[in-house]
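One-letter residues, chain by chain:
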Amino acid sequence: MSFAATPMLVRLPVWRARVVLVLLLLGFVAVGGRSGYLQGVRTAFLKEEGEARYARLIEAPATRGRILDRNGEPLAISTPVKSVWAMPEELEADRRQRAALARALAMPLEALDRKLAEGAGRDFVYLKRQVPPEIAQRVAALKIPGVFEHREYRRYYPVGAVTAQVVGFTGVDDVGQEGMELAYQSRLAGTAGSRRVIKDRHGGVVEDIGAVQPAQDGADLVLSIDSKIQTLAYHALLDGVRKHRARAGAAIVLDVASGEILALVNVPSYNPNNRAKLAGAQLRNRALTDVFEPGSTLKPLTIALALETGKATPRTMIDTEGGQLTIANYTIRDAHPARAMSVTKVLQVSSNIGAAKIALSLPSEAMWDLYRRVGLGHPPELGFPGEAAGRLRHYSTWRPIEQATMAYGHGISVSLVQLARAYTMFARDGELAPITLLRNPGYASGQKILSTQTARAVRAMLESAVQPGGTGPLARIAGWRVAGKTGTAHKLENGSYAPDKYLSSFVGFAPVSAPRLITAVVIDEPSTGGYYGGVVAAPVFAKVMRGALRMLGVPLDAPAEPLELPSESEHAREST
Amino acid sequence: MAKLNLLLLAVLVACALGLVSAQHQARKLYAEREQAQTLARELDVEYGRLQLEAGTWSLPARITQTAAGKLGMQMPEPRRVRSIQLDAAGGR
């Protein structure tokens, strides 16, 4: 007998079953509708929410390019370091743990507590940036909740103070702030990439979703600097500046053929790896950003123009008025007074009167044009931040006395790099070299400014200037013939010449038979042991030149006999 | 008809299993690649550090110091230097 037919049970009305059926159907409709709504209408939003729970955007930081010297030695290199930061809200550490943390970070506990107190309310505070990996490991080993680390790059400068002003440095965020680091920021920095990934619960990456944008690492920058010559020049300059208790100094070494700057040094310098106590004087790249009145080192330009235009020959006699010449209330004096001397002698003993007289025989426009064409009065365009243009007034405003004094480098201002570049025309048979701070070996052709004949004649005169009897015999070196010119200029202070403050300079090249290098040295305010360019700057020049020629293996062009150097500095005497 | 359906079912199951295993393989390989990339990055970092170290050891200033101090080397006097000319046939 079936259950339904049991007489004990009351027969239920049919409508109740119907109601249940309808309710069930309604339930299905509701579920179906809802799922249709979620799938069809809200799908984008829900997908996003879902992805937010497993997908992560990972930043792929770009490594900053290295800065290398011409031989591939690193001058600036980035290595990752860790920065330690905390979420003060989430930090759970008792006093003992905080003390351990402070000890690991090598900071006093009070300093740590202060940082945490300052950061209270925020959810991010740096505890210490750019710590070495071993310290970061020690911090991680403490396992304090709320203390985190993240990767950053720190820039190291292995050569340190020697290239500080050329290379410059980057700030804590790896952005160039000085020197080549600033000039080539975009090229060095590269671009950071990113990728979207799925992460599992342990933070491991499961797979990529979407397009991967790889990081573009910054390109390496190869400078023209030779770190060996650079180091040599730096130490030679430092010795010179210390010996004469000078305020500062700068030196530059140029490759005659390629126009590359092989060395560019400044004193005082600083250690770019530790910039705690930095002063503006240390930061400046004087050879590029500072201008000065060059004094006698400019005389060869005037004389070259006189030879070029046929106004004089090396043997032409100039009446030097016995050492005193007055033009419009202004008296020009010579340190080696004479009645008359040849043009060669004018350069050799650095006669101001001779140079002034030669200048006055030339049209001012021609002089101005030559100065301008050799690069005076406008920046050298090396791409270095803050390059100075110097000052070269238009010839229409020159008075005769100004034209006369400009012949020996007064009333005109130049930077050391402009001066060194101007001398390339003497070393390259009349052709001015383009100069560069980036590696670019080979012959760089430039603008022809003087005839080969004139350039060689000036070269011979410049060689006589470093012979005994000239103003710069201390610039000579055993084994190679040297040519160059001394300069001793009074410093300009508040518009007038300071009587006891000098700028001693020397610009020259070697070997004379086939010039390879130009070296220019300027020393600012030497205070002991003389101040003439021939005494202060010439020995630095000789040291740099000797070492550099040896390093480059330049063949000797003179007997390698030891030189007898003049014991007294009588000949070095000059008044500009 | 039923036979064909059964066959298709078997093919379907096989395909599904194949997909699962392929996905698993892909994940495994991906993880491996990820590890290799991490290793490459670490080696890169190490390389940078070694370059830095090499740079520091080979500083011209340090070499000069070591040569002069430890090894007692000095620049030869000009008089003791003999320079020789190589003939054109031997090259420069």
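Reading the values: the criteria
- Residues numbered from 1 in each chain as written.
- Chains lettered and ligands numbered in written order.
- Predicted model: local features only at pLDDT ≥ 70, side-chain atom pairs only at ≥ 80, totals over all residues.
- Helix = DSSP H or I, 4+ residues; strand = E, 2+ residues; numbered from the N terminus.
- Rg over C-alpha atoms; globule rule 2.2 N^0.38 Å.
- Buried ≥ 20, exposed ≤ 12 C-beta atoms within 10 Å, placed from the backbone.
- Pairing = 2+ DSSP bridges.
- Axes fitted to C-alpha atoms, helices over the stretch in contact; angles between N-to-C directions.
- Contact = placed C-beta atoms within 7 Å.
- Nonpolar A, V, L, I, M, F, W, Y, C, P; charged D, E, K, R; others polar.
- Parallel < 35°, antiparallel > 145°, perpendicular 65-115°, else oblique.
- Left-handed = near helix turned anticlockwise from the far one by under 90°.
- pLDDT = per-residue confidence, 0-100.
- Domains from an automatic or database assignment.
- Core = buried A, V, L, I, M, F, W, Y, C linked by C-beta atoms within 7 Å.

**Description of the overall build of chain A**
Move 1: Per the secondary structure count, chain A includes 20 helices and 19 strands.
Move 2: Compactness check: chain A gives a C-alpha radius of gyration of 37 Å against a globular reference of 25 Å for 576 residues, more than 25% above the reference.
Move 3: Expressed along its principal axes, the backbone C-alpha trace of chain A runs to roughly 155 × 50 × 50 Å.
Move 4: Scored against the burial criterion, the 576 residues of chain A give a buried share of 44%.

**Side note on the overall build of chain B**
Move 1: A tally of regular secondary structure across chain B gives two helices and zero strands.
Move 2: Relative to the 2.2 N^0.38 estimate, which gives 12 Å for 92 residues, the radius of gyration of chain B is 35 Å and therefore markedly larger than a compact globule would have.
Move 3: Looking at chain B residue by residue over its 92 residues, the buried ones come to 2%.

**Considering the sheet that holds strand β19 (residues 517–524) of chain A**
The pairing of strands in a sheet comes from backbone hydrogen bonds and takes either a parallel or an antiparallel form.
Residue and element names in this part refer to chain A.
Move 1: Taken together, five strands build an open sheet; the order of strands is β10-β9-β19-β18-β17 and the sheet is antiparallel. Every other strand in the sheet has two partners, leaving β10 (261–267) and β17 (483–493) as the edge strands with one partner each. Between one strand axis and the next, the sheet turns through 10 degrees on average, direction left out of account.
Move 2: Examined bridge by bridge, strand β9 (residues 248–255) and β19 share eight bridges and lie antiparallel to one another. Across the sheet, Asp255 pairs through a bridge with Leu517, a residue of β19.
Move 3: In the packing of helix α9 (residues 227–243) onto the sheet, contacts are made with β9, β10 and β19, and the angle to β10 comes to roughly 30 degrees.

**Here's the deal with helix α12 (residues 299–308) of chain A**
Move 1: Across the ten residues of α12 of chain A, ten count as buried, placing the element largely inside the fold.
Move 2: Directly beyond the C-terminal end of α12 of chain A, a positive phi value near 75 degrees is found at Gly310 of chain A.

**Thoughts on the sheet that holds strand β7 (residues 205–213) of chain A**
All names here are of chain A.
Move 1: Strand order in the open sheet formed by three strands is β1-β6-β7, and the pairing between neighbours is antiparallel. Strands at the two margins of the open sheet, each flanked by one partner only, are β1 (55–60) and β7. On average, adjacent strands in this sheet sit at an angle of 30 degrees to one another, irrespective of strand direction.
Move 2: Judged from the five bridges that link them, strand β6 (residues 193–199) and β7 form a sheet pairing that is antiparallel. Within β7, the position partnered with Ile198 by the bridge is Glu207.

**A few points about the environment of Glu32 of chain B**
Move 1: Looking at the secondary structure, you find Glu32 of chain B in helix α1 (residues 2–57).
Move 2: With 30 residues separating them in the primary sequence, Glu32 of chain B and Arg62 of chain B have C-alpha atoms 44 Å apart.

**Structural notes on the pairing of strand β13 (residues 330–333) of chain A**
All names here are of chain A.
Move 1: Where strand β12 (residues 324–327) lies against β13, four bridges are found, and the strand directions are antiparallel. Bridge pairing in β13 places Ile327 opposite Tyr330.
Move 2: Connecting β12 to the next strand, β13, in antiparallel fashion are two residues, including Ala328 with a positive phi near 45 degrees.

**Focus: the interface of chain A and chain B**
Move 1: With 22 residues of chain A at the interface, the matching set in chain B holds 18 residues.
Move 2: It is strand β3 (residues 74–86) of chain A that contributes the most residues to the side of chain A that touches chain B, five residues altogether.
Move 3: Its residues assigned to classes, the side of chain A that touches chain B comprises 13 nonpolar, five polar and four charged.

**Let's talk about the environment of Arg399 of chain A**
Move 1: Counting through the fold element by element, Arg399 of chain A comes out in the loop between α15 (364–373) and α16 (400–406).
Move 2: Separated by 101 residues in sequence, Arg399 of chain A and Leu298 of chain A place their C-alpha atoms 19 Å apart.

**Let's talk about the packing of α12 of chain A against helix α14 (residues 352–360) of chain A**
All names here are of chain A.
Move 1: Running from N to C, α12 and α14 point in directions that differ by 45 degrees, and their axes come no closer than 10 Å. Compared by their axis directions, α12 and α14 come out oblique. Note that α12 runs across α14; the crossing there is left-handed. Taking contact as the criterion, the partners of Lys299, Thr302, Ile303 and Ala306 in α12 are, on α14, Ala355, Ile358 and Ala359.
Move 2: When the residues that make up the contact of α12 with α14 are grouped by side-chain class, the tally is five nonpolar, one polar and one charged.

**Concerning the confidence of the model for chain B**
Move 1: Scored by pLDDT, chain B has a mean of 85; 92% of the residues are at 70 or more.
Move 2: Predicted complex, confidence summary: ipTM 0.73, pTM 0.82.

**Overview of the domain arrangement of chain A**
All names here are of chain A.
Move 1: Domain boundaries assigned for chain A yield domain 1 (59–222) and domain 2 (227–271 + 283–572).
Move 2: Each of domain 1 and domain 2 was reduced to a C-alpha centroid, and the two centroids are 47 Å apart.
Move 3: Domain 1 puts 18 residues into the contact, and the matching count from domain 2 is 19 residues.
Move 4: Put simply, the parts of the chain that give the side of domain 1 that touches domain 2 at least two residues each are α6 (164–167) and α7 (179–183).
Move 5: Among the elements that take part in the side of domain 1 that touches domain 2, α7 stands out by supplying four residues, more than any other.

**Some remarks on the nonpolar core**
Residues and elements named next belong to chain A.
Move 1: By size, the foremost hydrophobic cluster in this structure holds 137 residues, and its most contacted members are Ala233 and Ile252.
Move 2: Counting residues per element, this core draws most heavily on helix α20 (residues 533–552), which supplies eleven residues.
Move 3: Apart from the residues within four sequence positions on either side, Ala233 is in contact with Ala251, Val253, Ala263, Val265 and Val544.
Move 4: Counting nine residues, the second-largest nonpolar core is a separate cluster that includes Val84, Ala86, Leu112 and Leu127.

**Some words on unusual backbone geometry**
Residues and elements named next belong to chain A.
Move 1: Here the bond from Val267 into Pro268 is cis, since omega is 0 degrees, no more than 30 degrees from zero.
Move 2: Tracing the sequence through the fold places Pro268 in the loop between β10 and α10 (280–283).
Move 3: Ala510 connects to Pro511 through a cis peptide bond whose omega is -20 degrees.
Move 4: As for its position among the elements, Pro511 is in the loop between β18 (496–510) and β19.

**Considering the packing of α12 of chain A against helix α19 (residues 452–465) of chain A**
All names here are of chain A.
Move 1: Packing of α12 against α19 brings their axes to within 9 Å, and their N-to-C directions diverge by 140 degrees. Classified by the angle between their axes, α12 and α19 sit oblique to one another. Considering how the two elements wind past one another, α12 and α19 form a crossing that is right-handed. In contact with Pro300, Ile303, Ala304, Leu307 and Glu308 of α12, α19 contributes Thr454, Ala457, Val458 and Leu462.

**Structural notes on the environment of Gly446 of chain A**
Residue and element names in this part refer to chain A.
Move 1: Structurally, Gly446 can be placed in the loop between β15 (431–432) and β16 (447–448).
Move 2: A residue is classified by how many C-beta atoms lie within 10 Å of it, and Gly446, with 17 of them, is partly exposed.
Move 3: It is 5.9 Å that separates the C-alpha atoms of Gly446 and Pro434, two residues lying twelve residues apart in sequence.

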